[in-house]
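Chain by chain, the residues:
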Amino acid sequence: MRPGVNLAAAALVGAAVLAGCADVAPSGAPTPGKSGTSAGKPSDSKPSTPPAKPTPSGPSSTTPSSTIPSPTTSSTIPSPTTPAPTAPGTGLPAAAPVTRSFPSRLPNGKPPLFVVVSFDGAGDLALWARWRAVAKQVNARMTFFLSGPYLYPEDHRTDYKPPFHKPGASEIGWGDTANVLARTTVLREAIAEGQEIGTHANGHFCGASGIGKWTTAQWTAELNAFDHMVRTGPTLAAGKTVAPPFDPSTVKGMRTPCLEGNRAAYRLAMAKRGMLYDASAPGYIAWPKKVNGLWNFPLESVTLAGTSKKTLTMDYNLWYAQTQARKAPIAQAPALRAQVLATYRAALAQSRAGGNPPLFLGNHFNRWNNSVYSDALTDFVKQTCTQPDVRCVSNMELASWLAKNGVPSGHNRPS
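Keep in mind it's a predicted model, so treat the numbers as computed, not measured.

Any details on the overall build of the protein? Residues and values, ideally.
Along the backbone of the protein there are nine helices and twelve strands. Counting across all 415 residues of the protein, residues that qualify as buried make up 57%. Counting only contacts in the protein whose residues sit at least 6 apart along the sequence, the fraction spanning at least 24 positions is 75%.

Shown next as structure tokens:
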């Protein structure tokens, strides 16, 4: 690729990253005021009014806006499966099960077209039920990046001592007894179904006073704090011994809050723990590469359908591109949903035209903008994951396939 072309493409990716990629509290509202990603600011202005600040609480009782049909198996793609593994020496479920195998090439000579769907936060119980049902219906596996405080009771919050913040600080709140225990059960069940749990770290600190200045040592402490919350949170919440939902030492990937952080610093901390991939950086529709010793699984630069706007394959970024992250009148929801679905379909076509590099789609547990983004992703997954050349996999399943087969020769450039 010519240097000039590469620089131009890099500028487009920088413009695609928003100055605010919000996480979601279990109530479903976005966290406000998240400014400045490590990859650059958007070319257009920030919203004049940020999304409303959430009240940290238990999961919302609101039901998902789309009805999920009963799972069927008639159109699913069969894949060999084995029971989910447990972590050696602990008896706890491993966070990143790989129970399926995939061919190196399809009958058409191309590698499988892997679609990787992932979620940040993973706290809302109703949305856990929604996405598990969708995954079962189409034989998909997904990755859920868990925020540590969702498994830790608020009355023990000062156990957490984040860099540059007071003990117990968290932008996404903390758990209570009922929700911590319910999430513990859901996490175990999801892992048994083959879903992957990654980490989204803990306090979700973004912007000028956030994670951007953290060192490798501070990231190591943050990941150790995540381990502690997973291991001890359920017992502290219950007031009696409760087994953790999974062994946190088996977590293999992370998405950083707001996609921020010094990449070299936090990736070194990840690599020292034996983690395998980072899902935080912006990038292109291309076969992944290893950077700083980890697979770089990016959120990809795409064009918002019907426009010339560049954005990333993340729900918040799509929301910003459509309405600057403002809630639109409900009458506009069908058109906005159709635009997001068309954007996903165009990205899939781009992958097919370029040798089937993976498509990475990131969402939050949210009902933003009248559930436009959750509903569009639901439609896309149900329509796409049963297509003959597509395999809807977790990040860890993709990492396992890459470890076995390598990056397809000649297909590691942006398509």
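From this point, things continue past the structure.
Pulling in residues and values, what's your account of the packing of aromatic side chains?
One pass over the full model with this rule turns up 22 aromatic pairs. The interplanar angle of 55° and the centroid separation of 5.4 Å between the aromatic rings of Tyr344 and Phe380 together place this pair among those described as tilted. A residue pair is termed long-range when its members are at least 10 positions apart, and Tyr344 in helix H7 (residues 333–353) and Phe380 in helix H8 (residues 368–384) qualify at 36 residues. Taken as a pair, Tyr344 and Phe380 share a single burial class, namely buried.

Got a sec to walk through helix H3 (residues 177–192)? Specific residues and values, please.
With 16 residues, H3 should cover 22 Å at 1.5 Å per step; its first-to-last C-alpha distance of 23 Å lies within 8% of that length. Among the residues making up H3, those that are buried are Asn179, Val180, Arg183, Thr184, Val186, Leu187, Ala190 and Ile191. Tucked inside the fold, the buried residues of H3 contact helix H2 (125–138), strand S2 (143–146), strand S3 (196–199) and helix H4 (216–238). Positive backbone phi, approximately 100°, marks Gly194, located one or two places after H3.

Residue-level account of the state of the cysteines, with values.
Enumeration over the complete set of coordinates arrives at two disulfides. With a sulfur-sulfur separation of 1.9 Å, Cys385 is cross-linked through a disulfide to Cys392. Between Cys385 and Cys392 the disulfide shows an S-S torsion of about -90°. By sign, it is left-handed. Cys392 carries the same exposure label as Cys385, and that label is buried. When the bonded cysteines of the protein are counted from the start of the sequence, the pairing works out to 1-2, 3-4.

Hey, could you go over the sheet that holds strand S6 (residues 282–283) for me, with residue numbers and the actual values?
Ordered by their spatial adjacency, three strands build an open sheet running S6-S9-S10, and the pairing between neighbours is mixed. Unpaired on one side and paired on the other, S6 and strand S10 (310–312) mark the two borders of the sheet. In terms of strand pairing, S6 meets strand S9 (residues 299–303) through two bridges, oriented parallel. Each residue of the ladder has a partner; that of Gly283, found in S9, is Glu300.

Explain the environment of Leu299 to me, using residue names and the numbers behind them.
Within the element layout of this structure, Leu299 appears in strand S9. In this structure the C-alpha to C-alpha distance between Leu299 and Ala279, which are 20 residues apart in sequence, comes to 7.2 Å.

Describe the packing of H3 against H4, and please don't skip the residues or the numbers.
Helix-helix packing: each pair is described by the crossing angle between the helix axes and the interaxial distance. Between H3 and H4, the shortest axis-to-axis distance is 9 Å and the interhelical angle comes to 135°. In terms of orientation, H3 lies oblique with respect to H4. You can see that H3 and H4 cross each other, and the crossing is left-handed. For the pair H3 and H4, contact is made by Thr177, Val180, Leu181 and Thr184 and by Gly233, Pro234, Ala237 and Ala238, respectively. Counted by class, the contact of H3 with H4 contains five nonpolar, three polar and no charged residues.

So what's going on with the pattern of salt bridges? Residues and values would help.
According to the stated counting rule, one finds 13 salt bridges in the structure shown. Where Arg255 meets Asp120, a salt bridge forms, and the shortest distance between an N and an O atom there is 2.9 Å. Here the residue Arg255 occupies a position in the loop between strand S4 (253–254) and helix H5 (263–272), and Asp120 occupies one in strand S1 (residues 113–121), the gap between them amounting to 135 residues. Taking relative accessible area as the criterion, Asp120 reaches 2% and is therefore assigned buried. In this structure, Arg367 engages Asp124 in a salt bridge whose closest nitrogen and oxygen atoms are separated by 3.2 Å.

I'd like a description of unusual backbone geometry, backed by residues and values.
The phi angle of most residues is negative, glycine excepted, and most peptide bonds adopt the trans form. Positive phi, normally seen in glycine, also occurs at Cys258, with a value near 60°. By the secondary structure assignment, Cys258 is in the loop between S4 and H5. For Cys258, a relative accessible area of 2% corresponds to the buried category. Notably, Leu259 is not glycine yet its phi reads approximately 65°, a positive angle. Among the secondary structure elements, Leu259 is positioned in the loop between S4 and H5.

Tell me about the environment of Pro358, and name the residues and values.
Structurally, Pro358 is set in the loop between H7 and strand S11 (359–364). For the pair Pro358 and Leu348, spaced ten residues apart in the sequence, the C-alpha separation amounts to 8.9 Å. Apart from residues no more than four positions distant in its own chain, Pro358 is found in contact with Phe114, Ile285, Ala286, Trp287, Pro288, Glu300 and Leu398.

Describe the pairing of S1, listing the residues and the values that go with them.
Within S1, nine of the nine residues are buried, which leaves it mostly tucked inside the rest of the structure. Where S1 lies against strand S12 (residues 390–393), four bridges are found, and the strand directions are parallel. Within S12, the position partnered with Phe114 by the bridge is Arg391. The pairing of S1 with S11 spans six bridges and is classified as parallel. Within S11, the residue paired with Phe119 across the bridge is Asn363. Inspection of the sheet shows S1 paired to S2 by four bridges, in the parallel sense. Paired with Gly121 across the bridge in S2 is Leu146. Read from S1 through H2 to S2, the crossover connection turns out right-handed.

How each quantity is defined
Residues numbered from 1 in each chain as written. Predicted model: local features only at pLDDT ≥ 70, side-chain atom pairs only at ≥ 80, totals over all residues. Heavy atoms only, no water. Helix = DSSP H or I, 4+ residues; strand = E, 2+ residues; numbered from the N terminus. Buried < 20%, exposed > 50% of the residue type's maximum accessible area, 1.4 Å probe, protein only. Contact = heavy atoms within 4.5 Å. Phe/Tyr/Trp six-rings, centres within 6.5 Å; stacked < 30°, edge-to-face > 60°. Expected span 1.5 Å × (residues − 1). Disulfide = S-S within 2.5 Å. Pairing = 2+ DSSP bridges. Axes fitted to C-alpha atoms, helices over the stretch in contact; angles between N-to-C directions. Parallel < 35°, antiparallel > 145°, perpendicular 65-115°, else oblique. Left-handed = near helix turned anticlockwise from the far one by under 90°. Nonpolar A, V, L, I, M, F, W, Y, C, P; charged D, E, K, R; others polar. Salt bridge = Lys/Arg side-chain N within 4 Å of Asp/Glu carboxyl O. Right-handed = clockwise from strand over helix to strand, strands pointing away.

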